[in-house]
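Chain and residue survey
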Amino acid sequence: MTKKALEYYLNKYRLDTIFPQPYIKQLQLMTYDKGQAICQQGQVLEHLFYFIEGHIKIVRRLFNGKEHILETQNQPTLIGDIELMNDQTSVSSVIALEPSLIIQLPLTNREELYQDPLFLYQIGRQLAQKLEQQNIISSTNISYSVKERLATYILAQETQGVFQLQPSVLADIFGTSYRHLSRVAKQLQDQNIIEKIAFKTYKIVNRAQLEKTKIED
């Protein structure tokens, strides 16, 4: 990626408010291909990452060897802030679900970062927002049906009525089984609310009905 492209994204996402000014020149704009690990659980974190575009999943490997998808993300977010502040190895793996753009900062001088009050403030804000989001997800999984959560997810993800579904990923996030989630998606198709148009790709047929089904704000 060119320096001009990096400057464009720095301005677009106002990253000068997150990364201390002396470190701006060290930032690197990287593209991670589909399936490529941005960071892996248990490894020493060598960069602080800021995900800006694409789609990623955050995966935790459990003690029994199974992997649990904590969430998928397509909105800008910091990666590695927990590990940086706790001075620990990566607590989860972050994998690109599609080609994704990342701005990364080499962690060559952590002590200097720890002494920057503006940087620490921004890290604190990011962590607080993530905690709030996790609380919302947890309470939502308990309080609402899979159908309501799926309708809400579709309306949040769609672009001009078209969206993608990955049942194996969503089942983990919703805390349900792949079979049950697939059955609910099939119900929406049978009710002519959504229609499958390609592999893992759907379109909204009846937006009004989908709006009635979603979780109310």
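Up top is the structure.
Residues numbered from 1 in each chain as written. Predicted model: local features only at pLDDT ≥ 70, side-chain atom pairs only at ≥ 80, totals over all residues. Heavy atoms only, no water.

**Focus: the overall build of the chain**
As a reminder of what qualifies: Counting from the N terminus, the helices are DSSP H or I runs at least four residues long and the strands are E runs at least two residues long. Buried residues are those whose accessible area, probed at 1.4 Å on protein chains only, stays under 20% of the maximum for their type, while exposed residues exceed 50% and partly exposed ones sit between those limits. Contacts are assigned to residue pairs that have any heavy atoms within 4.5 Å of one another.
In terms of helices and strands, the chain carries 8 helices and 9 strands. Dimensions of the chain, computed from the C-alpha atoms along their principal axes, are close to 55 × 40 × 30 Å. Relative to its 217 residues, the chain shows a buried fraction of 42%. Taking contacts inside the chain between residues at least 6 apart in sequence as the whole, the part at least 24 apart equals 71%.

**Digging into unusual backbone geometry**
Phi angles above zero are rare outside glycine, and D87 is one such case at about 50 degrees. Take D87: it is sitting in the loop between α2 (81–86) and β6 (93–106). Even without being a glycine, K200 presents a positive backbone phi close to 60 degrees. Residue placement: K200 occurs in the loop between β8 (194–198) and β9 (201–204). Its relative accessible area of 31% is what places K200 among the partly exposed residues.

**With respect to the packing of aromatic side chains**
Here is the rule: Put simply, two rings from Phe, Tyr or Trp (the six-membered ring, in Trp's case) pair if the centres are within 6.5 Å, and we call them stacked under 30 degrees between planes, edge-to-face over 60, tilted for the rest.
Scanning the entire structure with this criterion turns up 4 aromatic pairs. Both rings, one in Y8 and one in Y9, keep their centres 5.0 Å apart while their planes meet at 75 degrees; by these two values the pair is edge-to-face. Relative accessible area serves as the criterion here: at 49%, Y8 is assigned to the partly exposed category. Plain terms: the ring middles of Y9 and Y13 are 6.4 Å apart, the flat faces sit at 10 degrees to each other, and that makes the pair stacked. For Y9, a relative accessible area of 13% puts it in the buried group.

Nothing here speaks to function; it is geometry throughout.
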